[in-house]
Amino acid sequence: MKKIAILLIICLAITALAGCVRADEGKEEFATLTQPEQTIQKDEIAKKEEPIESDLKDEPDTDEPNRLKGGEKDNVNQLNSNELTNEMDSKEKEKETSKNQTIYGNVPEGAQFDLSSLPRMADRCVGVVDLLPDSKSLEDLQGMLNPQSSIVFRGKINGKSTQYKSDSDGYEYIETPILVQEVYYGDVKVGDVINCYENMFVHTHDGEPVLEYYGHWPPMEKDEEYLFMVHRRTSLHKEGGELYFPLYSRSPYIKINELKVLQEKDELNFYEKRNLEILTYYYLGQRGEEK
């Protein structure tokens, strides 16, 4: 019996040792099986910690580490914002400048126009002459005449007007050829063609010529006869010849056909009364028809 008991104890001991060995092998196998899962979990964590693409775009393109923190980053963002704003403002100014040059371009010097056929734009500025009363009478104008340089005559446009730029101040002006039809005063002959100054100019609007002038002095009309009281001066540009200027800016040229209208009008202002006196004295006086 003792031998049997000893054999049982030995068998139990062997069985226990075998169970421990299997347990260790099982732990090793479990560790081997779970290692990829742990590796996968670590890779996922690493991926989560890597910066996304949109974050990389905000980083400076440099090999130096990003050392800007807090307020420093705000300053950089502010500088970038200011540069962007300045660039946009510069582009807007260039666009506006280009637009203005397109709408209000200058015509070439020496260009010729039929002023009566152009669209007209009266200057929106009020000139000083518009704010002053018109006080020059016929006698006052006659006192301004100089036999050496002044002429009084009837005439009309004889060809296209030419635009020039003054050499003294750079402003554009118009020279219009006038045919002398009847002489009342001064050294000029019937059939002569003289150039008269007109205080206006042509510019382009959307590529088309437009006439700019002061409201109190409209351009002369083609085929219309005028009474001129002008004095001779040299041209405002170097290559020009003689140029005739109005004796008085408030009555540069008086339409001949205005005579009948003024004669039939019941009440005349000072300007109209003076024009009627000028037409009566010179135009009708030449024919012996003055009243």
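Structure shown above.
Positions within a chain are numbered from 1, following the residues in the order the chain's sequence is written. Residue-level local features of this predicted model are given only where pLDDT is at least 70; pairs of side-chain atoms are given and counted only at 80 or more, and the full residue set underlies all totals for whole chains, interfaces and linings. Note: side-chain values were computed over all heavy atoms of the structure, leaving out hydrogens and water.

K.L.:
Which parts of the structure should I look at to understand the overall build of the chain?
P.N.:
Helix and strand assignments come from DSSP, with helices taken as H or I runs of at least 4 residues and strands as E runs of at least 2, each series counted from the N terminus. Of regular secondary structure, the chain possesses 7 helices and 12 strands. For the chain, the residues scored as buried account for 29% of the 291 residues in total. Contacts between residues were defined by any pair of non-hydrogen atoms, one from each residue, lying within 4.5 Å. A separation threshold of at least 6 residues defines the contact pool for the chain, and within that pool the share at least 24 residues apart is 64%. Residue-level accessible areas treat just the shown protein chains as cover; the underlying method is Shrake-Rupley with a 1.4 Å probe. Accessible surface computed for the chain: about 20,200 Å², of which carbon and sulfur atoms make up 52%. Each residue gets one of three labels from its accessible area relative to the maximum for its type: buried under 20%, exposed over 50%, partly exposed in between, using a 1.4 Å probe on protein chains only.

K.L.:
I tried to follow the packing of aromatic side chains on my own but got confused; where do I start?
P.N.:
Geometrically, a pair of aromatic rings is defined through the distance of the ring centres and the angle of the planes. In summary, the pairing rule links any two rings of Phe, Tyr or Trp, Trp by its six-membered ring, whose centres are within 6.5 Å, and it sorts them by plane angle into stacked for under 30 degrees, edge-to-face for over 60 and tilted for everything else. Taken as a whole, this structure holds 9 aromatic pairs when the rule is applied. Arranged with centres 4.6 Å apart and planes meeting at 25 degrees, the rings of tyrosine 197 and phenylalanine 245 form a pair that is stacked. Taken together, the residues span a long stretch of sequence, with tyrosine 197 in strand E7 (residues 193-198) and phenylalanine 245 in strand E11 (residues 242-246) at a distance of 48 residues. Given a relative accessible area of 8%, phenylalanine 245 falls into the buried group. In textbook terms, an aromatic cluster arises when at least three aromatic residues are bridged by ring pairs, as seen for Phe153, Tyr226, Phe228 and Tyr253. The positively charged end of arginine 233 is found above the aromatic ring belonging to phenylalanine 245, 4.3 Å away from the centroid. Criterion for a charge above a ring: Arg CZ or Lys NZ at most 6 Å from the ring centre, at most 35 degrees from the ring normal.

K.L.:
What am I meant to see in the pairing of E11 here?
P.N.:
Two faces, one strand: in a regular strand the side chains alternate between the faces of the sheet. The element E11 is extensively covered by neighbouring structure, given that 4 of its 5 residues are classed as buried. Pairing between strands requires that DSSP locate at least two bridges from one strand to the other. Across 5 bridges, the pairing between strand E10 (residues 226-234) and E11 is antiparallel. By the bridge assignment, valine 230 is partnered in E11 with proline 246.

K.L.:
Which parts of the structure should I look at to understand unusual backbone geometry?
P.N.:
Peptide bonds are mostly trans, and most non-glycine residues show a negative phi. A positive phi angle is found at aspartate 206, which is not glycine, with a value near 55 degrees. In this structure, aspartate 206 sits in the loop between strand E8 (200-205) and strand E9 (208-213). On the basis of relative accessibility, which here comes to 55%, the residue aspartate 206 falls in the exposed class.

K.L.:
Would you mind showing me how to read the pattern of salt bridges here?
P.N.:
Side chains that differ in charge, positive against negative, can pair when their charged atoms come close. Salt bridge, as applied in this entry: a Lys or Arg side-chain nitrogen positioned within 4 Å of an Asp or Glu carboxyl oxygen. In the structure shown here, the tally under the stated rule is 6 salt bridges. Ionic pairing is found between glutamate 225 and arginine 154, a salt bridge with its closest N-O pair at 3.1 Å. Taken as a pair, glutamate 225 in the loop between E9 and E10 and arginine 154 in strand E4 (residues 150-157) lie far apart in primary sequence, 71 residues in all. A residue is classified by how much of its surface remains accessible, and glutamate 225, at 27% relative accessible area, is partly exposed. Arginine 154 sits in the buried class, given a relative accessible area of 10%. A cluster of three or more residues bridged by salt bridges with shared partners is formed by Arg154, Glu182 and Glu225.

K.L.:
Got a minute to help me understand helix H7 (residues 270-286) in this structure?
P.N.:
Owing to its 3.6 residues per turn, the α-helix brings residues three or four apart onto one side. End to end, H7 covers 24 Å across 17 residues, agreeing with the expected 24 Å (1.5 Å per residue, within 8%). In this scheme, the bend at a residue equals the angle between the axes fitted to the seven residues that finish there and the seven that begin there. By the largest-angle criterion, threonine 280 marks the main kink of H7, which is about 30 degrees. Those residues of H7 that sit buried are Glu272, Arg274, Asn275, Leu276, Ile278, Leu279, Thr280, Tyr282, Tyr283 and Leu284. Against helix H5 (138-143), E4, strand E6 (172-185), E10, strand E12 (253-255) and helix H6 (258-264) lie the buried residues of H7. N-capping of H7 is provided by asparagine 269, with a side-chain oxygen placed 3.1 Å from the backbone N of tyrosine 271. Phi turns positive one or two residues past the end of H7, at glycine 288, with a value near 70 degrees. Helix span, as expected, comes to 1.5 Å for every residue beyond the first. For the purposes of these results, a polar contact is taken to be a pair of N or O atoms within 3.5 Å, where, inside protein, one atom must be able to donate a hydrogen and its partner to accept one; residues adjacent in sequence count only when each atom of the pair is a side-chain atom.

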